[in-house]
Amino acid sequence: MRRASLYWADGVTLLAIAAAIAVGYALDAADFGVATRSGLGVLLAFVPAVAWWTVFNRRDRAQAEPLRLVGAVAALAAILAAGLGEPLLRLVDLGAERSVVANLAVGILVVGVVRQTLVYAAIRFSVFDSVEFDEPVDGVVYGTAAGLGYATTLSIAAIVQAEGALLGPSMLRVAVTALAFAGLGGLTGSGLAAWKFHGQPVWTPAVAVLTAAVLNGIFFVTRAEALSGVGSATFGRWGSLAVAAAMAAAITVVLLRLHQSRERAT
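All of the points below concern the structure found in this document.

What counts and how
Residues numbered from 1 in each chain as written. Predicted model: local features only at pLDDT ≥ 70, side-chain atom pairs only at ≥ 80, totals over all residues. Heavy atoms only, no water. Helix = DSSP H or I, 4+ residues; strand = E, 2+ residues; numbered from the N terminus. Buried < 20%, exposed > 50% of the residue type's maximum accessible area, 1.4 Å probe, protein only. Contact = heavy atoms within 4.5 Å. Expected span 1.5 Å × (residues − 1). Bend = angle between axes of the 7 residues up to and from the residue. Phe/Tyr/Trp six-rings, centres within 6.5 Å; stacked < 30°, edge-to-face > 60°. Axes fitted to C-alpha atoms, helices over the stretch in contact; angles between N-to-C directions. Left-handed = near helix turned anticlockwise from the far one by under 90°. Nonpolar A, V, L, I, M, F, W, Y, C, P; charged D, E, K, R; others polar.

## Some thoughts on the side chain of T13
Point 1. Here T13 shows up in helix α1 (residues 2-29).
Point 2. The buried category is assigned to T13, whose relative accessible area is 5%.
Point 3. When neighbours within four sequence positions are excluded, T13 is seen to be in contact with A51, W52, T54, V55 and R58.

## Concerning helix α4 (residues 100-124)
Point 1. Taking 1.5 Å per residue, 25 residues should reach 36 Å; α4 reaches 33 Å between its end C-alpha atoms and fits that length.
Point 2. Remark: the principal bend of α4, roughly 40°, maps to G112.

## A word on the environment of I218
Point 1. Position of I218 among the secondary structure elements: in helix α7 (residues 204-227).
Point 2. Taking the C-alpha atoms as reference points, I218 and I108, 110 residues apart in sequence, are found 7.0 Å from one another.
Point 3. Setting aside chain neighbours within four positions, we find I218 in contact with L104 and M247.

## Some points on unusual backbone geometry
Point 1. Within the chain, E163 stands out as a residue other than glycine whose phi angle is a positive 60°.
Point 2. Counting through the fold element by element, E163 comes out in the loop between α5 (137-161) and α6 (167-197).
Point 3. The backbone of L166 shows a phi angle near 50°, a positive value even though the residue is not glycine.
Point 4. You can see L166 is positioned in the loop between α5 and α6.
Point 5. L166 sits in the exposed class, given a relative accessible area of 54%.

## What to know about the packing of aromatic side chains
Point 1. The full count for this structure, using the stated rule, is 5 aromatic pairs.
Point 2. Centroid distance F128 to W195: 5.7 Å. Interplanar angle 10°. Geometry classified as stacked. Of the two residues, F128 sits in the loop between α4 and α5 while W195 sits in helix α6, which places them 67 residues apart along the sequence.
Point 3. For F128, a relative accessible area of 5% translates into the label buried.

## Description of the packing of helix α2 (residues 34-57) against α6
Point 1. In contact at an axis separation of 9 Å, α2 and α6 are set at 30° when each is read in the N-to-C sense. With respect to the hand of their crossing, α2 and α6 are arranged in right-handed fashion. Contact with α2, carried on its side by R37, G41, L44, A45, P48, A49, W52 and F56, involves L167, M171, V174, A175, A178, L179 and A182 of α6 and no other residues of that element.
Point 2. Here the contact of α2 with α6 is built from residues that sort into 13 nonpolar, 1 polar and 1 charged.

See the structure below:
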């Protein structure tokens, strides 16, 4: 019975994301100025983040986490992204012409490591030592919030930089990016929880961060392929976006299973 209700709730979440994407396409067809279009795009960028977080949070049956702490973790990750992570990555020419192997190396060792380390920091140096971080599933919940905070910063920056142009395709990418970062953040948070509650070795969080960095790098390269236009070499624009979406969904499914197993153990 509970599983059925979860599936219905998840269906409503997907409809909300689909509605945000549809609104984006509708705004593309409307005659709005740059400021209005950009402002509406920024507001829409929050919809997938909130929606994906509810998918994870509604599975925390034992003790729902305080929204103020969840929001604080997400906000800290967003601040770290805007103030440290992305300015640092701008020092690297991420759009340079490289081989696939070189792009993957940059995606993992530079982009993935920087972003996932900051997601880790947003959890570790905020809520980790709090009395609210008191069960294994909390690692996934707060990790998801941190990942979504980082992803939302990326999405807002992209929308503002494009001056609100092509909001429909932008919202598709926002939804996919938010899903991927939710799963990756949850993976990082799960490593922290395993160290805190299950007596795992002290390097367990580092392994989780590195694993998330590898997956982040692969996602970065695949998503960049989708952003490069119809002439992208490997899959084509929409094919690359579909591959990135499938990867994000796979990470999320695995993490949800981990979330549920941890919750049952609790």
